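These are the residues of each chain, in order.
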Amino acid sequence: MPCKGLDVSEALDLFQELPSDTDSIVSNESSDTEEYSFSEIIESDSDEESIKDDEYKDINIPGLSHPIPIHWRKRGLVSKSIPDFDSEAGPSDEVLNMEDHSPIAIFLTFSVQLMENIVFQSNLYATQSGKSYSPLTLQELFLFLAINLTMGVKRLPSYRDYRSTNEILHDNFVSNLMPVKRFTWILGNLHLNDNTLAKKKRRYRF
């Protein structure tokens, strides 16, 4: 059934029956949206924070501890009895009786026998390896030590850099004493004892 529309007179009567603002069913006092002043909002926030602080406050947690006073005092110097040095000091009689007291001569007095043993053991080690080689001589060993002493004064990243083609790294003194291949061979075969006479290391199995 189609809805019947209102005529003008019926619409005016219905409009007059609508309640006014003063006669509204929902009063301002019971309105959902109440108005607050700024001071009231601040006070309410501070009250809530104080309530939260009281809730999380634990009376069992101790307060700040009192620092323990530290008293520093000087300790007396510890006196130790040091015995007097009564041993012989200075150059040995062998050095004093030498005709040549130059550093190289003094260096050679205690190293000749040791050098000869190093030459023998190094050649023996090279022989035991089964590879062909040119035997090491005593003069080459002295040159090898001299090069190592020089490299200790003038240091480069690698001993090969002293024979480098780069002018900044190249050292004429070292490169003229011994080729790099010979220096490398001595460095890899230098020995002080016979490996066949050394005690075999025990291999522990875990």
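Analysis parameters
- Residues numbered from 1 in each chain as written.
- Predicted model: local features only at pLDDT ≥ 70, side-chain atom pairs only at ≥ 80, totals over all residues.
- Heavy atoms only, no water.
- Helix = DSSP H or I, 4+ residues; strand = E, 2+ residues; numbered from the N terminus.
- Buried < 20%, exposed > 50% of the residue type's maximum accessible area, 1.4 Å probe, protein only.
- Contact = heavy atoms within 4.5 Å.
- Areas by Shrake-Rupley, 256 points an atom, 1.4 Å probe, with all protein chains shown as cover.
- Salt bridge = Lys/Arg side-chain N within 4 Å of Asp/Glu carboxyl O.
- Axes fitted to C-alpha atoms, helices over the stretch in contact; angles between N-to-C directions.
- Parallel < 35°, antiparallel > 145°, perpendicular 65-115°, else oblique.
- Nonpolar A, V, L, I, M, F, W, Y, C, P; charged D, E, K, R; others polar.
- Core = buried A, V, L, I, M, F, W, Y, C linked by side-chain atoms within 4.5 Å.
- Expected span 1.5 Å × (residues − 1).

**As for the overall build of the chain**
Logical step 1: Within the chain, the regular secondary structure consists of eight helices and zero strands.
Logical step 2: Seen in sequence order, the chain has helices and strands lined up from the N terminus as α-α-α-α-α-α-α-α.
Logical step 3: By residue count, 16% of the 206 residues in the chain fall in the buried class.
Logical step 4: Taking the intrachain contacts of the chain between residues at least 6 apart in sequence as the baseline, contacts between residues at least 24 apart amount to 52%.
Logical step 5: Approximately 19500 Å² of the chain is accessible, and the part contributed by carbon and sulfur atoms is 57%.

**A few points about the pattern of salt bridges**
Logical step 1: Under the counting rule described, the total for this entry stands at two salt bridges.
Logical step 2: In this structure, Glu140 and Arg182 form a salt bridge, with 2.9 Å as the shortest nitrogen-oxygen distance. Of this pair, Glu140 sits in helix 6 (residues 138–153) while Arg182 sits in helix 8 (residues 180–189), placing them 42 residues apart in sequence. Per residue, the accessibility class of Glu140 equals that of Arg182, and both read buried.
Logical step 3: Linking Asp171 and Lys154 is a salt bridge whose minimum nitrogen-to-oxygen distance equals 2.8 Å. One end of the pair, Asp171, is in the loop between helix 6 and helix 7 (172–177); the other, Lys154, is in the loop between helix 6 and helix 7, with 17 residues separating them in the sequence.
Logical step 4: The class of Asp171 is buried, set by a relative accessible area of 10%.
Logical step 5: The exposure class assigned to Lys154 is partly exposed, which follows from its relative accessible area of 35%.

**Quick look at the packing of helix 6 against helix 8**
Logical step 1: It is at 11 Å that the axes of helix 6 and helix 8 come closest, and there the two elements cross at 95 degrees. The pairing of helix 6 with helix 8 is recorded here as roughly perpendicular in orientation. Here helix 6 contributes Glu140, Phe144, Ile147, Asn148 and Met151 to the contact with helix 8, which in turn contributes Arg182, Phe183, Ile186 and Leu187.
Logical step 2: For the contact of helix 6 with helix 8, the class distribution of residues is six nonpolar, one polar and two charged.

**With respect to the packing of helix 5 (residues 112–128) against helix 8**
Logical step 1: Between helix 5 and helix 8, the least distance of the axes is 9 Å, while the angle of their chain directions is 90 degrees. Of the possible angle classes, the one that applies to helix 5 and helix 8 is roughly perpendicular. Across from Ser122, Asn123, Tyr125 and Ala126 in helix 5, the residues of helix 8 making contact are Trp185, Gly188 and Asn189.
Logical step 2: Here the contact of helix 5 with helix 8 is built from residues that sort into three nonpolar, four polar and no charged.

**Observations concerning the nonpolar core**
Logical step 1: Leu141, Phe144, Ile147, Met151, Met178 and Phe183 are the most contacted members of the largest nonpolar core, which totals 14 residues.
Logical step 2: For this core, the elements supplying multiple residues, two or more each, are helix 5, helix 6 and helix 8.
Logical step 3: The element best represented in this core is helix 6, accounting for four residues.
Logical step 4: If sequence neighbours within four positions are ignored, Met178 has contacts with Glu140, Leu143, Phe144, Ile147, Arg163, Phe183 and Ile186.

**Describing helix 5**
Logical step 1: Given a rise of 1.5 Å per residue, 17 residues ought to cover 24 Å, and the 24 Å separating the end C-alpha atoms of helix 5 matches this to within 8%.
Logical step 2: Of the residues trailing helix 5, Gly130 is marked for its positive phi of about 80 degrees.

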